[in-house]
Amino acid sequence: MDRAMWRLFIFDLDGTLMDSTHAEKMCYVSTFDRFGMRYDASRLDAYVNQSLEATYDEVEHGDVPFAGFASGFMTEAGRTFDSNVVPFPETEEVLKGIHAMGIPMCIATRMGGRRARALLASFGLDGYFDLIIGAEDVSRHKPDPECVFKALKFHDVRAEDAVFVGDSPKDMYAAEAGGVEGILIDRARRYESFGDHRIIRDLRELIGH
């Protein structure tokens, strides 16, 4: 569907509108240093794109058990993560552009709703969204389409008139199951194609730039 026909944008948050890559790297570095674990600094980009288990197996963890490493990482994330998360460079421009077209926008994220709104508010972006569907607002998380159905119902929009923009396969599977168009934002160029979904490399493509 042409963007002029869309009546609702549903956005994922982390990895789509907000860049947490630096935050995750800092969490890893702090956790490694805390436990005295040796790691390859040139692999930090890879660490943030794989599971904790895979990273634990890759670094020299000595006698540190995985449970302790994982707990330490989550503690560090809770302490410093949000302060190191920033919008992607084009995020505000795109939100302004969509707002200027008069198309409503909402968030569907696995992040807690209060945390998501606070994060957006810290950059003056919360006013663009009339609905934030957080982890506590659904009983089944993506790839289940419950968040999509909630967004459609709230805005009284038909599935065929909405688009879900996200950065992960789970977002696209939720879009498919919910009957809405899915657009995969793939800045790292991991995918040449993903089913029938359109792939973009920059959010500005949503507004024709």
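Scroll up to find the structure.
Rules of the game
Note on numbering: residues in each chain are counted from 1, in written sequence order. In keeping with the model being predicted, local features are shown solely for residues with a pLDDT of at least 70 and side-chain atom pairs are shown and tallied solely at 80 or more, while totals for entire chains, interfaces and linings include all residues. Hydrogens and water molecules were not included; the side-chain quantities draw on all heavy atoms of the structure. Definition of nonpolar core: a set of buried residues of the types Ala, Val, Leu, Ile, Met, Phe, Trp, Tyr and Cys, connected through side-chain atoms within 4.5 Å. With a 1.4 Å probe rolled over the protein chains alone, any residue whose accessible area is under 20% of its type maximum counts as buried; one over 50% counts as exposed, and the rest are partly exposed. Numbering goes from the N terminus for both helices and strands, where a helix is a DSSP run of H or I of at least four residues and a strand is a run of E of at least two. Any carboxyl oxygen of Asp or Glu within 4 Å of a side-chain nitrogen of Lys or Arg constitutes a salt bridge here. Only strands joined by at least two bridges in the DSSP assignment are considered to pair.

**Some thoughts on the nonpolar core**
Consideration 1: Ranked by internal contacts, the top residues of the largest apolar core, which has 47 residues, are Phe9, Phe11, Leu17, Tyr28, Phe129, Val165 and Leu206.
Consideration 2: The dominant element in this core, judged by the number of residues it contributes, is helix H1 (residues 21-35), at five residues.
Consideration 3: Cys106, Val148, Ala162 and Val180 belong to the second-largest nonpolar core, a separate cluster that totals 18 residues.

**Looking at the pattern of salt bridges**
Pairing of side chains with opposite charge becomes possible as their charged atoms draw close.
Consideration 1: Under the counting rule described, the total for this entry stands at 17 salt bridges.
Consideration 2: Ionic pairing is found between Glu146 and Arg140, a salt bridge with its closest N-O pair at 3.8 Å.
Consideration 3: Between Glu160 and Arg158 there is a salt bridge, and its shortest N-O distance comes to 3.4 Å.
Consideration 4: On the basis of relative accessibility, which here comes to 51%, the residue Arg158 falls in the exposed class.

**As for the pairing of strand S1 (residues 8-11)**
Consideration 1: A two-sided burial pattern is seen for S1, the buried positions comprising Leu8 and Ile10 on one face and Phe9 and Phe11 on the other.
Consideration 2: Examined bridge by bridge, S1 and strand S6 (residues 162-166) share four bridges and lie parallel to one another. The partner of Phe9 across the bridge, within S6, is Val163.
Consideration 3: In this structure, S1 lies alongside strand S4 (residues 105-108), joined through three bridges in parallel fashion. Bridged to Phe9 within S4 is Met105.

Note that every value here comes from positions in space, so none of it alone points to a role or purpose.
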